[in-house]
Amino acid sequence: MAHFKFLLDRSVKSLTPCFPDKRVETTESIGLPDDAPDETIVAEASTGKFLLVAANRCDFRECVRNYVAQSSKKPMGCHAVNGTPSASSRTVRRDRKST
């Protein structure tokens, strides 16, 4: 069974304790600045073979599609992207209150 590593976007980094220690990183822990563009985060997630977790999936949707399309071997690119897992804003708010 494949063991994924998770990359938590800055918007959900407070959820780090919810993931196995050896399988979770944050954008900060891999050296990305707080103002790193979404395109950079997507590229780092792909290069590092991370499963990207973010609360603002809609912000990443176009970046992911563009990244996959430009890296595809198909002449017209690939546009079938299942999406980026996201934590609901309710989960993030609840977690922030408990810390």
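Before any of the text, the structure's been laid out above.
An account of the accompanying structure is given in this report. Fair warning: this is a prediction, and the values are worked out from it, not measured in the lab. (Residues numbered from 1 in each chain as written. Predicted model: local features only at pLDDT ≥ 70, side-chain atom pairs only at ≥ 80, totals over all residues. Heavy atoms only, no water.)

1. Some thoughts on the overall build of the chain
Along the backbone of the chain there are three helices and three strands. Moving toward the C terminus, one meets the helices and strands of the chain in the order β-β-α-β-α-α. A sequence separation of at least 24 residues applies to 51% of the contacts in the chain between residues at least 6 apart. (Helix = DSSP H or I, 4+ residues; strand = E, 2+ residues; numbered from the N terminus. Contact = heavy atoms within 4.5 Å.)

2. Let's talk about the side chain of Thr-27
Following the sequence through the fold, Thr-27 ends up in the loop between strand 2 (24–26) and helix 1 (38–47). Those residues in contact with Thr-27 that sit more than four places away from it in its chain are Leu-7, Leu-8, Asp-9, Arg-10, Leu-32 and Ile-41.

3. Quick word on the nonpolar core
Ranked by size, the top nonpolar core spans twelve residues in total: Leu-7, Leu-32, Ala-36, Ile-41, Val-42, Ala-45, Phe-50, Leu-52, Ala-54, Phe-60, Cys-63 and Val-64. By size, the runner-up hydrophobic cluster in this structure holds seven residues, among which are Phe-6, Leu-8, Phe-19 and Val-53. (Core = buried A, V, L, I, M, F, W, Y, C linked by side-chain atoms within 4.5 Å. Buried < 20%, exposed > 50% of the residue type's maximum accessible area, 1.4 Å probe, protein only.)

4. Comments concerning the pattern of salt bridges
Under the counting rule described, the total for this entry stands at three salt bridges. In this structure, Arg-10 engages Asp-9 in a salt bridge whose closest nitrogen and oxygen atoms are separated by 3.9 Å. Overall, the relative accessible area of 28% leaves Arg-10 in the partly exposed class. Judged by relative accessible area, Asp-9 falls into the buried class, the value being 2%. A salt bridge links Glu-28 to Lys-13, with the nearest nitrogen and oxygen atoms 3.7 Å apart. Of this pair, Glu-28 sits in the loop between strand 2 and helix 1 while Lys-13 sits in the loop between strand 1 (5–8) and strand 2, placing them 15 residues apart in sequence. (Salt bridge = Lys/Arg side-chain N within 4 Å of Asp/Glu carboxyl O.)

5. Examining helix 1
Count 3.6 residues to each turn of an α-helix, and residues three or four apart come out pointing the same way. Buried within helix 1 we find Asp-38, Ile-41, Val-42 and Ala-45. One face of helix 1 carries all of its buried residues, which in axial projection span an arc of 100°. Where helix 1 terminates, the next one or two residues include Lys-49, which has phi positive at roughly 55°. (Arc of directions from axis to C-beta.)

6. Some details on the environment of Asp-35
Examined against the element boundaries, Asp-35 turns out to sit in the loop between strand 2 and helix 1. Separated by 25 residues in sequence, Asp-35 and Arg-10 place their C-alpha atoms 9.3 Å apart.

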